[in-house]
Amino acid sequence: MSKRFVGLSVIVLSLLLSACDSTTAEQHLQRANDYFDSGELRTAVIELKNALQKQPDLGAARLLLGRTQFLLGDYPSALKEFERARDLGASDDRLQSEYLTSKNRLGRYQEVIGELEEAGALTPELAVVLGDAYLAGSDLAKAKPLYQQAAETVHGRLGLGTIAWAQGDFSTAGDQFAAAAQQAPGDRDVWLRKAEFELSQGLLDESIRSFQAALELPGGAISARLGLTRAYLAQGQLELAATEVDQVLRSSSGLFLAHYLDALIKYQRKDFNGAEAALREVQRTVPDHAPSLYLMGAVKFQQDQLNQAADTLQRYLAGDRGNESAGKLLAAVRMKQGNREAVYETLQPYLAGSRDPQILAMAGTASLQLGRTAQATELLQRAVELAPDAAVFRNQLALSLLSAGEDTRALGALESAIAVDGNQFQSDMLLAMLHMKEGNYAAAVQASRAIVEKNSTSPLGYNMEGAALLGEGDIDAARKAFERALEVDAAFLPAASNLARLDRSEGDLAGAIQRFESVLAANPEEVGALLGLADLVANEGRLKEAEEYLARVVAIRPDNVRAQMGLVRLQLAQNQLSRADVQLKSLLDLAPDNVDVLMLAAELALRKGDNQAALAATERLQTLAGTRGMGSASFLAGLGTLQSRTGQIALARRNLEAAMAAQPSDAQRVLLQLELARLDLREKQVARAQQRLSELSDAEAARPDVALLQADVLLAQGDQEGAYLGYETLAAAGVREGVMRVALLRQQQGRIDDALARLDDWIRSNPEDVGAKLLRADALMRQSDKAAAISQYEQLLSADNPIVLNNLAWLYMERGDKRALSAAQRATELAPDNPDILDTLGWVLVQSGDAKGALRHLRRSAQLNPDNATVRYHLAIAYLEGGDRAAAATELRQALQLGEFPEATEARARLAELSAS
């Protein structure tokens, strides 16, 4: 038989079967009524749909179908059928009640209020419906009297019970729900409301029984199973919870609440990837579901994806700023990121009234790490008062007291912590640290051994014992203690670090490296070991190896700020400015307000000659200093030094003097004195600079940096011979700056050959010194040996330094070398706001015949440096070449008004030509 005949036979058979069904619409309706009365609601739906297929305007079938779907919880379909039944003439109080209740269940409360609010006297059933609409809008005052009208009905009791629940009258609420369940044991909504109330009160067994009762009734399956899932979760019965939510997902795979509960179960099972997948399903339909945002934040925290965790939790907190739990989790993310300031800022809104000791302790710990010891002590004291039996908070309080120098109170806090919980060893650890701080190493050894006795399987006690033994000077015994720690845990980094330091101090670099390699063998992703290796080899000048180690850290932990800063510093040390620039952009995305990162940004900008970018970074640092109350001597000194280099003299002096007043260490004080003296010299306050130097002790005055500045003072006083002798003494001692100063002084004196000889000697011994080579190239230019200068600069091209490229571009241009343009363009890419570099590019373009292209760069250069007559002359020539004679004349006049400059004669001639024509 052909395929066509098979198809036809099927159609014919279908028609014959249809012809055999002679049941009338009324007969289907009667069957549906029988099924409805016996509780077989889904079968009733089938019969009703058959009836309506044969007679679509059968009002009784529409009404019964609506009521059946209403009982099944399918409110959208129920409402549709009720509306059709009303259109077909059906009308009674029950229909109106069911119709409006369906609207309530679909969230269309205002429509219900609009229909009933002005309707006059209401039946008890309709009073409940209107009460439900008001209750949904939290208008308890209007809802309560309506429920009281129906106080003896089941749903009136439910309404009154719900209001009592909302008002905290849990006894009345429980009584009302119990009475409603007794009155109508077959009402699904009664059991669901009762179960929710019991769940909220922690009556988990009772709640489970109520949800199970609802599950047995028509239309209650999904709500009851979701309720059971939550109740089982509260009991910690994850398997039972998973069974219930799986049932829901099988029948309603698009239900976002089921996916959320599924994620919650998987999170508690530590299946974080599974939890994330479930939450992605929620986000597909409800992207801003607040509980899912919170849970996703927790998942990302557990996955160590800290940036994503922070972003998600911030989205959650934007809608619920008062949620302490979410704030605490975000603070934990920030703590793990190492951003202590952000930890405190996150927790600060909760601190005044918080009763959560963990929040107070976390804020206290962050404050301690930020150097705010008084604030830390106050917060940690409050945490101890709220949780007097928590030894961990007493330990943190002891740390704060130690930092504040209150050793006696710290000792008391530690002893009380041991009294509270003698099994924990953290107090013994801090006690050992306190004894070591006081120089009582024997007592520290005893405290360390107490740790070992309490937990011999932990490396902590052995490591602390080793540190105490080092304090006693017993290096061999200390080594054995550190090695015992590693026997217990081969990946224990602190012990390996201590042994590496001992190896390094004895000149055994290979041994020190092996210590960290052994840790990595046990744990290949131990970033601390990689950082230790980077420090070791960097100190040996093996910068490429150090970069490789740091790159491995970043591959493992892309958000590791320390590693990324280390890479920038290494790239700066090698004068790889373009690579440092790329790395710094990533670092600024990661930690835009980290002060160390901003200081690196300012340093890089200065090295590139981009004073505008350096100013922007220092201005941001100054703002942070004001808003965060950052007053440490080291921060203020670093900021002041940068501001001095960017020409912000008044700010620099203010910060340096504030650092001097902030109780700096002796070493910091000397550096501050020197930096202030340098400022004095810049402002030609030579006597004041000399006075600062005279205030230093004899030992301090013998330091190379002090001797260098003393020679600078002599030079400022006009004593070139005295300055030369000072620089020469430092140069003979191998001090780099002494050599550079001798070379500079000889250049200024016109003794270029002597300057070059000094630089050549230095470079032979220090072939990687880019700064010395730059100075040598400058000397060659002063000697008019431009071919040699070009050769020197070309040797430095690999550094991708904008100053090198700028000078080389100028030299190329003078020789007619076409490479001038590409060199100038690259220099501008590296330092886009350096006016001298912009001027070079503009002038190269003019010389290349592209006056129009030159104008943009020359205008910008003149804007950044309006007092540079040469730039204005170049701009005038660009205008002239481009045909704008009026603009050219204006720029020439402005250039000449600034005084004499190398091109002044040519400028006068050009202006005279323009004026004559």
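All of the points below concern the structure found in this document. (Residues numbered from 1 in each chain as written. Predicted model: local features only at pLDDT ≥ 70, side-chain atom pairs only at ≥ 80, totals over all residues. Heavy atoms only, no water.)

**Notes on the overall build of the protein**
- The helix and strand tally for the protein stands at 55 helices and 0 strands.
- Once the C-alpha set of the protein is aligned to its principal axes, its extents read approximately 120 × 90 × 70 Å.
- Scored against the burial criterion, the 917 residues of the protein give a buried share of 49%.
- Accessible surface, the protein as shown: approximately 43,200 Å² in total, 50% of it carbon and sulfur.
- Treating the 96 positive side-chain charges of the protein as one cloud and the 121 negative ones as another, the clouds have centres 4 Å apart. (Helix = DSSP H or I, 4+ residues; strand = E, 2+ residues; numbered from the N terminus. Buried < 20%, exposed > 50% of the residue type's maximum accessible area, 1.4 Å probe, protein only. Areas by Shrake-Rupley, 256 points an atom, 1.4 Å probe, with all protein chains shown as cover. Lys, Arg positive; Asp, Glu negative; His and termini not counted. Charge placed at Lys NZ, Arg CZ, Asp CG, Glu CD.)

**A few points about the packing of aromatic side chains**
- A full pass over the atoms with the stated rule returns 6 aromatic pairs.
- Within the aromatic cluster, the residues linked to one another by ring pairs are Trp165, Phe177 and Phe197.
- The cationic tip of Arg746 hangs over the ring face of Tyr724; the distance from NZ or CZ to the ring centre is 3.9 Å. (Phe/Tyr/Trp six-rings, centres within 6.5 Å; stacked < 30°, edge-to-face > 60°. Lys NZ or Arg CZ within 6 Å of the ring centre and 35° of its normal.)

**With respect to the packing of helix α48 (residues 786-795) against helix α49 (residues 802-815)**
- Contact geometry for α48 and α49: axes closest at 10 Å, N-to-C directions at 145°. Both α48 and α49 take part in a crossing whose hand is left-handed. The residues of α49 that touch α48, namely those facing Lys786, Ala787, Ala789, Ile790, Tyr793 and Glu794, are Val804, Asn807, Leu808, Leu811, Tyr812, Glu814 and Arg815.
- The class makeup of the residues in the contact of α48 with α49 is 8 nonpolar, 1 polar and 4 charged. (Axes fitted to C-alpha atoms, helices over the stretch in contact; angles between N-to-C directions. Left-handed = near helix turned anticlockwise from the far one by under 90°. Contact = heavy atoms within 4.5 Å. Nonpolar A, V, L, I, M, F, W, Y, C, P; charged D, E, K, R; others polar.)

**Quick look at the pattern of salt bridges**
- On inspection of all chains with the given rule, the structure shows 62 salt bridges.
- Residue Arg688 is joined to Asp680 by a salt bridge in which the shortest nitrogen-to-oxygen separation is 3.1 Å.
- Residue Arg688 is classed as partly exposed on the basis of its relative accessible area, which comes to 38%.
- Since its relative accessible area comes to 0%, Asp680 is described here as buried.
- A single salt-bridge network, built from bridges that share partners, covers Arg479, Glu483, Asp503, Glu506 and Arg515. (Salt bridge = Lys/Arg side-chain N within 4 Å of Asp/Glu carboxyl O.)

**So, the packing of helix α18 (residues 290-302) against helix α20 (residues 324-337)**
- Remark: α18 packs on α20, axes separated minimally by 11 Å, with the N-to-C direction vectors making an angle of 25°. Our classification of the angle between α18 and α20 gives roughly parallel. The two elements α18 and α20 cross, and the hand of that crossing is left-handed. Of the residues in α20, those touching α18 at Tyr294, Gly297, Ala298 and Phe301 are Ser325, Ala326, Leu329, Ala332, Val333 and Lys336.
- Split into classes, the residues belonging to the contact of α18 with α20 amount to 7 nonpolar, 2 polar and 1 charged. (Parallel < 35°, antiparallel > 145°, perpendicular 65-115°, else oblique.)

**What about helix α9 (residues 140-149)?**
- Those residues of α9 not exposed but buried are Ala143, Leu146 and Tyr147. Summarising the axial view, the buried residues of α9 lie within an arc of 100°, below the 170-degree limit, and thus occupy one face.
- Buried residues along α9 sit in contact with α8 (124-136) and α10 (154-166). (Arc of directions from axis to C-beta.)

**A word on the environment of Pro494**
- Among the structural elements, Pro494 can be located in helix α30 (residues 493-505).
- Remark: the alpha-carbon pair of Pro494 and Pro459, spanning 35 residues in sequence, is separated by 9.3 Å.

**Observations concerning helix α41 (residues 686-694)**
- Here α41 has its buried residues at Val686, Ala689, Arg692 and Leu693. Looking straight down α41, one finds its buried side chains confined to an arc of 120°; they lie on one side.
- Looking at the buried positions of α41, the neighbouring elements they touch are α39 (649-661), α40 (666-682) and α43 (704-716).

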